[in-house]
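Per-entry structural report
Letter by letter, the chains look like this.
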Amino acid sequence: MPIAALLSGLQLTDSAFPSGYYTLSHGLEGFQQARAVTPRTLPALLTDLLRHSAGPADATALALAHRAVGAQDWDEVVAVERRLYATKLGREARQATVRTGRQLLDLAGEVYATWQVARYRELYADGAVRGCQPVVAAAVHAGNGLTTRQAVTCELFAFAASFVGAALRLRLTDHRRAQVVLHTAAPVIEETVEAALRRDLADLGGCVPVADVMAGRHERAEARLFAS
């Protein structure tokens, strides 16, 4: 793996990268508001969301779109994004993926300026795509030279790190325990990566009904710290 590609992957997964991930709890705040998660059950919730939500949906879309970008099959990129957006049943989830994706697209055009990002921006300007974060990330990572497996791994780690960061802000963990949770999630991330790489377009989409219920309640909450 070239050092430049590695550095770009590290940069995009850094919590300081202003893609808007810091505004998301990935459903965790909804569970906390319902008192359905505790510090002890936090790792199990992260595992479930990786395996059944982020993996089948965002990670799978990223893998499919990354391969399509590499093959310069932009019709497939559009098809992947449309299916991903259609699987986001809750309003918060749809808004979150588009908001963070558009922010990433804007930053990537300035920071990396690869032809892959430029081509995606053309599709976005034409209205063919909405700017869903996993598909934008696929174009960015492909342009920066990461393999599909590396790109999916980076994004799933970013999801886990963002989830743990939200847990810190919600006082469901402390800094030391947060790092333990993140480290112990590594085998699950690896498993989720491999599963995402095997899926076809027809298999794209997560299924976590309880998380959908929590997201619906979160939308109507009187006070919220996070956008999702």
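Bear in mind the structure is a predicted one, so any value in this text is a computation, not a measurement.

Some points on the overall build of the protein
Assigned secondary structure in the protein consists of 11 helices and 0 strands. If you list the helices and strands of the protein from N to C, you get α-α-α-α-α-α-α-α-α-α-α. The C-alpha radius of gyration computed for the protein amounts to 17 Å, which stays within 12% of the reference 17 Å derived for 228 residues, consistent with globular compactness. By its C-alpha atoms, the protein is 45 × 35 × 30 Å across when sized along the principal axes. The buried share of the protein, reckoned over its 228 residues, is 49%. Counting only contacts in the protein whose residues sit at least 6 apart along the sequence, the fraction spanning at least 24 positions is 80%. Side-chain charges in the protein split into 24 positive and 23 negative, and the spacing between the mean points of these groups amounts to 7 Å.

What about the packing of helix α3 (residues 42-70) against helix α7 (residues 133-144)?
Running from amino to carboxyl end, α3 crosses α7 at an angle of 40 degrees, the nearest separation of the two axes being 8 Å. By the angle between their directions, the pair α3 and α7 is classed as oblique. Between α3 and α7 lies a crossing of right-handed hand. Residues Asp58, Ala61, Leu62, Ala65, His66 and Val69 of α3 pack against Pro134, Val135, Ala137, Ala138, Ala139, His141 and Ala142 of α7. Of the residues assigned to the contact of α3 with α7, the class counts are 10 nonpolar, 2 polar and 1 charged.

Some remarks on the packing of helix α8 (residues 148-169) against helix α9 (residues 175-184)
With their axes 10 Å apart at the nearest point, α8 and α9 run at an angle of 155 degrees to one another. Our classification of the angle between α8 and α9 gives roughly antiparallel. The two elements α8 and α9 meet at a crossing, and its hand is right-handed. Within the contact between the two elements, α8 uses Phe157, Ala160, Ala161, Val164 and Leu168 and α9 uses His175, Ala178, Val181 and Leu182. In terms of residue class, the contact of α8 with α9 is built from 8 nonpolar, 1 polar and no charged.

Some remarks on helix α6 (residues 115-126)
Between its first and last C-alpha, α6 extends 17 Å over 12 residues, near the 16 Å set by a 1.5 Å rise per residue. Among the residues of α6, those classed as buried are Gln116, Val117, Tyr120 and Leu123. Buried residues of α6 fall within an arc of 115 degrees about the axis and therefore sit on the same side. Structural note: α6 exposes Ala125 and Asp126 on the side pointing more than 90 degrees away from its buried face. Looking at the buried residues of α6, the elements they touch are α3, α4 (74-87), α5 (91-111) and α7. With its phi angle positive at about 85 degrees, glycine 127 sits one or two positions after the end of α6.

Brief notes about the layout of surface pockets
In this model, the largest pocket occupies a volume close to 710 Å³. At the level of elements, α3, α5 and α11 (209-219) are the ones that each hand at least two residues to the lining of the largest pocket. Residue contributions to the lining of the largest pocket peak at 6 residues, all from α3. A breakdown of the residues in the lining of the largest pocket according to their chemical character gives 14 nonpolar, 12 polar and 4 charged. Space inside the second largest pocket adds up to approximately 470 Å³. Surrounding the second largest pocket, 27 residues form its lining, Asp14, Ser15, Ala158, Ala161 and Ser162 being those nearest its centre. Mapped onto the lining of the second largest pocket, the elements with two or more residues apiece are α1 (3-13), α7, α8 and α9. For the lining of the second largest pocket, the leading source of residues is α8, giving 10 residues. Residue composition of the lining of the second largest pocket, grouped by class: 16 nonpolar, 8 polar and 3 charged.

About the cut-offs
Residues numbered from 1 in each chain as written. Predicted model: local features only at pLDDT ≥ 70, side-chain atom pairs only at ≥ 80, totals over all residues. Heavy atoms only, no water. Helix = DSSP H or I, 4+ residues; strand = E, 2+ residues; numbered from the N terminus. Rg over C-alpha atoms; globule rule 2.2 N^0.38 Å. Buried < 20%, exposed > 50% of the residue type's maximum accessible area, 1.4 Å probe, protein only. Contact = heavy atoms within 4.5 Å. Lys, Arg positive; Asp, Glu negative; His and termini not counted. Charge placed at Lys NZ, Arg CZ, Asp CG, Glu CD. Axes fitted to C-alpha atoms, helices over the stretch in contact; angles between N-to-C directions. Parallel < 35°, antiparallel > 145°, perpendicular 65-115°, else oblique. Left-handed = near helix turned anticlockwise from the far one by under 90°. Nonpolar A, V, L, I, M, F, W, Y, C, P; charged D, E, K, R; others polar. Expected span 1.5 Å × (residues − 1). Arc of directions from axis to C-beta. 1 Å grid on protein atoms, 1.4 Å probe; cavity = no way out; pocket = protein on both sides within 12 Å on 5 of 7 lines; lining within 4 Å. Points joined across faces, edges and corners; volume = space filled by probe spheres on them.

It is worth stressing that arrangement in space is one thing and function is another; only the former is reported here.
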